[in-house]
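# Close look at the chain arrangement
Chain by chain, the residues run as shown.
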Amino acid sequence: MKSHEQWTSKLGFILAAAGSAIGLGAIWKFPYLAGTNGGAIFFLLFIILTIFVGAPILIAEFMVGRNSQKDAVRAYQKLAPGSKWHYVGYAGVLFSFILLSFYSVVGGWILSYLWRGLTGSLTDADYGAVFGEVISNPVEVVAAQFIFMLMTIFVVKGGIQKGIERASKYMMPALFLFFIILGIRSLTLDGAMEGVRFLLYPDFSAITGETILMALGQAFFTLSVGISVMVTYASYLSNKENLTKSAFSVVGLNIFICLLAGLVIFPAVFALGFEPGEGPGLVFVVLPAVFNEMAFGGVFLVIFLILLLFATLTSAFSILEIVVAALVKDDAGRRGKISWISGLLIFMVGVPSALSFGVLSDVQIFGKSIFDFSDFLVTNLGLPIGALFISLFVAYRLPRELVKEELNKGTKGLGILFDIWYAAIRYIAPVGIVLVFLSSLGII
Ligand code: PFF
């Protein structure tokens, strides 16, 4: 049977797209990057760059997906027949593969924490030591990563409506609620205000080129733009929906959850005597400590870890979905088999990343661990280059009228908003991305 599925409701699409965006980027990466890059100034730059560079590209990906109603590769083939633009889609599939290979490692860490939470070993523990143990035990990291990938495969093989949409609908609101409760606890700790200042009062003298560029990379990562994931998701969307509005919902929710994550982490960092520049372990070390300060903290921690696991899974679904959709090509009968094969291959490619904090910690590629190198390859090369090509495709290859008509669908006409967006996609986004790219290569 050949048919292209559709989301069953508008809310389903927004939640699924937000589910792809909100994940480890906002909850794990954002706090540790802000912690090592000046706090508030990083947050401010991140917001500005998300709005002026990330959001226009998100709208561009939505536009390509909905207009073509095709997966990442065939979308470009349909809109620019006979050209080489579909290599943008192939690159997206390839980078998705690498992205999920290390993303699933951190997904596995969450499972390890969940296990420890359930067995009670996260109460009054030395949280730094626990993190060290979780990331370095070879059998545990690989087993946990494997289970995380199995969960991802199970949902993706069921197709978008049954799997991704249903799960997203309940998990995301629950996660918001929980973050708000956690924020209240963290903000009422003694000495919390210093953390609030760290996150919200920027020190402009601390701006460096490096900070700007890190913030731009983070903007792409958290919005899931650059590898055509959002092209694939929007291809399941009907003509009735207003793409720009959907994009703003996703951007708004994403910034909001970064703010919440920051308001949970930093007050606790200062109140409980941790270091903001702790690095990738920050969230894993600080969060259990905050729960430890709460009545019934052990139970809440377990519930929270389950929600965090779902936020991570909804991002992982989207990454596997682009690979599977590109290979399935609307032939629903092949979805199950292709989900299994690609998911298991991604797991195997990810094993060295999983081991790179323990037995393979001496292996270096260009001075980085295997995990860090994979992250660098995707975040600093794959996403910026992909986003650049997507902006060029929409701004210079597609006819302006076609783009305008597509974005006006489901609206009363965007008016001046369209012109602002078009200028952003033509000039601001490509120039911004070239700067990130050059810098990540160390050229500027
Ligand atoms: N946006 C996800 C996160 O912040 O965790 C990660 C991600 C998903 C990046 C999908 C890119 C992507 F295409």
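Treat the numbers as computed from the prediction; the structure is a model and nothing was measured.

### Structural notes on the overall build of the protein chain
Within the protein chain, the secondary structure is distributed over 18 helices and zero strands. Computed over its C-alpha atoms, the radius of gyration of the protein chain comes to 21 Å, within 12% of the 22 Å expected for a compact globule of 444 residues. Its C-alpha atoms give the protein chain principal-axis dimensions of about 60 × 50 × 45 Å. Looking at the protein chain residue by residue over its 444 residues, the buried ones come to 55%. When contacts within the protein chain are restricted to residue pairs at least 6 apart in sequence, long-range pairs at least 24 apart make up 85% of them.

### Considerations on the packing of helix 2 (residues 24-36) against helix 12 (residues 243-272)
In a pair of packed helices, the angle between the axes and the distance between the axes together describe the arrangement. At a closest axis distance of 9 Å, the pairing of helix 2 and helix 12 adopts a crossing angle of 60 degrees. With respect to each other, helix 2 and helix 12 are oriented oblique. Seen along the crossing, helix 2 lies across helix 12 with a hand that is right-handed. Contact residues: helix 2 offers Ala 26, Ile 27, Phe 30, Pro 31 and Ala 34, while helix 12 offers Asn 254, Ile 257, Cys 258, Ala 261, Gly 262 and Ile 265. Class assignment for the residues of the contact of helix 2 with helix 12 results in nine nonpolar, two polar and no charged.

### Remarks on the site of the ligand
Taken together, 15 residues are adjacent to the ligand, and Gly 23, Gly 25, Ser 224, Val 229 and Ser 315 come closest. Among the elements of the structure, helix 1 (10-21), helix 2, helix 10 (209-223) and helix 14 (297-328) are those that each provide at least two residues to the shell around the ligand.

### Concerning the packing of helix 3 (residues 40-68) against helix 4 (residues 72-79)
Following both chains from N to C, one finds helix 3 and helix 4 inclined at 75 degrees, their axes separated by 9 Å at the closest point. The pairing of helix 3 with helix 4 is recorded here as roughly perpendicular in orientation. Contact residues: Val 64, Gly 65, Asn 67 and Ser 68 in helix 3; Ala 75, Lys 78 and Leu 79 in helix 4. Looking at the contact of helix 3 with helix 4 residue by residue, the class counts come to three nonpolar, three polar and one charged.

### Here we look at the confidence of the model for the protein chain
Of all residues in the protein chain, 97% have pLDDT values of 70 or greater, and the mean over the chain is 90. Quick note on the complex model: pTM equals 0.92, ipTM equals 0.99.

### What about helix 7 (residues 138-157)?
With 20 residues, helix 7 should reach 28 Å at 1.5 Å per residue; the first-to-last C-alpha distance of 28 Å fits that figure. For helix 7, the complete set of buried residues consists of Val 141, Ala 144, Gln 145, Phe 148, Met 149, Thr 152, Ile 153, Val 155 and Val 156.

### Considering helix 12
With 30 residues, helix 12 extends 43 Å from end C-alpha to end C-alpha; this agrees with the ideal 44 Å at 1.5 Å per step. For helix 12, the buried fraction is high: 23 of the 30 residues fall into the buried class. Immediately beyond the C-terminal end of helix 12, within one or two residues, lies Gly 273, with a positive phi of roughly 80 degrees.

Definitions and cut-offs
Residues numbered from 1 in each chain as written. Predicted model: local features only at pLDDT ≥ 70, side-chain atom pairs only at ≥ 80, totals over all residues. Helix = DSSP H or I, 4+ residues; strand = E, 2+ residues; numbered from the N terminus. Rg over C-alpha atoms; globule rule 2.2 N^0.38 Å. Buried ≥ 20, exposed ≤ 12 C-beta atoms within 10 Å, placed from the backbone. Contact = placed C-beta atoms within 7 Å. Axes fitted to C-alpha atoms, helices over the stretch in contact; angles between N-to-C directions. Parallel < 35°, antiparallel > 145°, perpendicular 65-115°, else oblique. Left-handed = near helix turned anticlockwise from the far one by under 90°. Nonpolar A, V, L, I, M, F, W, Y, C, P; charged D, E, K, R; others polar. Near = placed C-beta within 6 Å. pLDDT = per-residue confidence, 0-100. Expected span 1.5 Å × (residues − 1).

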